[in-house]
Amino acid sequence: AQKITQTQPGMFVQEKEAVTLDCTYDTSDQSYGLFWYKQPSSGEMIFLIYQGSYDEQNATEGRYSLNFQKARKSANLVISASQLGDSAMYFCAGSQAGNTPLVFGKGTRLSVIA
Amino acid sequence: DAGVIQSPRHEVTEMGQEVTLRCKPISGHDYLFWYRQTMMRGLELLIYFNNNVPIDDSGMPEDRFSAKMPNASFSTLKIQPSEPRDSAVYFCASSPRGPGQGRPEAFFGQGTRLTVV
């Protein structure tokens, strides 16, 4: 089974600055997917971005980009131009070989400071 | 589409009582997942279904937990009898795609916050 590790329990970033949230994964499969979700204080889980293991380019979705380094088994989330509304918990998740259930990391709490 | 709908949003019950959580997945989604979120254990998969059939229930903590999906538009998670340690947020999620069919992200409901006193 895939294992997802997020080593930063909490992060602070100044508004309008960029921030990187770390995620490493451990899987023996060649085919897998990596995801990031945002959980604001209201509690819902919001899908942000996806990277497939065979995707040659790093995924981008607006201000979110995924820094995918396959050899290092890392899938860091980069948020550019942070906004106060970005303050939330961020979860990295992985799936293996198709639509297997997501395995989640412990999360990183991001606080954006004005 | 209204998204994944869970009910109730909040549930407070006494220890020993039966609790039923409900989920309506997004129409057309073949996969349904039940997750539990606690501070100590994070997000854990309890069980998932494909085309209404339970595929993996190894995450169900005890026999007190059971889940059903009688049709494509409805699933329940039942705890009987409930215990204080079952207090958590329970999420239902659905996904439209199977292997090789593209990006398989899960769409989550708003969650049910369960408190067992």
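Residues numbered from 1 in each chain as written. Chains lettered and ligands numbered in written order. Predicted model: local features only at pLDDT ≥ 70, side-chain atom pairs only at ≥ 80, totals over all residues. Heavy atoms only, no water.

**Structural notes on the sheet that holds strand β3 (residues 19–24) of chain B**
Residue and element names in this part refer to chain B. Read across the sheet, four strands follow the order β1-β3-β8-β7 without closing on themselves; strand pairing throughout is antiparallel. Two strands lie at the open edges of the sheet, namely β1 (5–7) and β7 (65–71), each paired on one side alone. The average angle at which neighbouring strand axes cross in this sheet is 15°, direction not considered. (Pairing = 2+ DSSP bridges. Helix = DSSP H or I, 4+ residues; strand = E, 2+ residues; numbered from the N terminus. Axes fitted to C-alpha atoms, helices over the stretch in contact; angles between N-to-C directions.)

**Observations regarding the interface of chain A and chain B**
How big an interface is tends to be reported as the loss of accessible area on association of its parts. Facing the 17 residues of chain A at the interface are 21 residues of chain B. For the pair chain A and chain B, the number of links is four residue pairs in polar contact (both at pLDDT 80 or more). With three residues, the single largest contributor to the side of chain A that touches chain B is strand β5 (residues 32–39) of chain A. (Contact = heavy atoms within 4.5 Å. Polar contact = N/O pair within 3.5 Å; in protein donor to acceptor, adjacent residues only side chain to side chain.)

**Topic: the environment of A:Pro101**
Along the chain, the position of A:Pro101 falls in the loop between β10 (88–96) and β11 (103–104). A C-alpha to C-alpha distance of 24 Å links A:Pro101 and A:Gln57, two positions 44 residues apart in sequence. Filtering out sequence-adjacent residues up to four positions away, A:Pro101 remains in contact with A:Gly94, A:Ser95, B:Phe33, B:Tyr35, B:Leu45 and B:Tyr48.

**Examining the state of the cysteines**
Residues and elements named next belong to chain B. All told, the structure shown has two disulfides over all chains when counted by the stated rule. Put simply, Cys-23 and Cys-92 are joined by a disulfide, and their sulfur atoms are 1.8 Å apart. Judged by the sign of its S-S torsion, about -65°, the cystine formed by Cys-23 and Cys-92 is left-handed. Note that Cys-23 is positioned in strand β3 and Cys-92 in strand β9 (residues 88–95), a separation of 69 residues in sequence. Residue class for Cys-23 comes out buried when judged on its relative accessible area of 1%. (Disulfide = S-S within 2.5 Å. Buried < 20%, exposed > 50% of the residue type's maximum accessible area, 1.4 Å probe, protein only.)

**Concerning the nonpolar core**
Ranked by internal contacts, the top residues of the largest apolar core, which has 23 residues, are A:Trp36, A:Ile49, A:Leu77, A:Tyr90 and A:Leu110. Elements supplying a minimum of two residues to this core: β3 (19–21), β5, β6 (46–52), β8 (64–69), β9 (74–79), β10 and β12 (108–113) of chain A. Counting 21 residues, the second largest nonpolar core, distinct from the first, contains B:Ile47, B:Ile79, B:Cys92 and B:Leu114. (Core = buried A, V, L, I, M, F, W, Y, C linked by side-chain atoms within 4.5 Å.)

**Some points on the pairing of β7(B)**
Moving residue by residue along a regular strand, the side chains alternate between the two faces of the sheet. Residue and element names in this part refer to chain B. With five bridges joining them, β7 and strand β8 (residues 74–79) adopt antiparallel strand pairing. What sits directly across from Asn-71, in β8, is Phe-74. From the end of β7 to the start of β8, which pair antiparallel, there are two residues.

**Description of the side chain of B:Thr13**
Residues and elements named next belong to chain B. Position of Thr-13 relative to the elements: it lies in strand β2 (residues 10–13). Residue class for Thr-13 comes out buried when judged on its relative accessible area of 9%. Not counting residues up to four positions away in its chain, the partners in contact with Thr-13 are Val-19, Ser-82, Leu-114, Thr-115, Val-116 and Val-117.

**Focus: the pairing of strand β4 (residues 31–38) of chain B**
All names here are of chain B. For β4, the tally of buried residues reaches eight of eight residues, placing the bulk of the element in the interior. Residue alternation in β4 divides its side chains into two sets, Tyr-31, Phe-33, Tyr-35 and Gln-37 and Leu-32, Trp-34, Arg-36 and Thr-38, and both sets are buried. Pairing geometry for β4 and strand β5 (residues 42–50), over eight bridges, is antiparallel. Across the sheet, residue Thr-38 finds its bridge partner in β5, namely Gly-42. Across seven bridges, β4 lies against β9 in antiparallel orientation. The residue of β9 that forms the bridge with Tyr-31 is Ser-95.

**Some words on the pattern of salt bridges**
Close approach of charged atoms allows side chains of opposite charge to pair. This structure, assessed with the given rule, holds 10 salt bridges over all chains. Here A:Arg63 makes a salt bridge to A:Asp86, at a shortest N to O gap of 2.8 Å. Of this pair, A:Arg63 sits in the loop between β7 (60–61) and β8 while A:Asp86 is found in the loop between β9 and β10, placing the two residues 23 residues apart along the sequence. Between B:Arg64 and B:Glu62 there is a salt bridge, and its shortest N-O distance comes to 2.8 Å. The exposure class assigned to B:Arg64 is buried, which follows from its relative accessible area of 10%. Judged by relative accessible area, B:Glu62 falls into the partly exposed class, the value being 25%. One continuous salt-bridge network, built from bridges that share partners, spans B:Glu62, B:Arg64, B:Glu83, B:Arg85 and B:Asp86. (Salt bridge = Lys/Arg side-chain N within 4 Å of Asp/Glu carboxyl O.)

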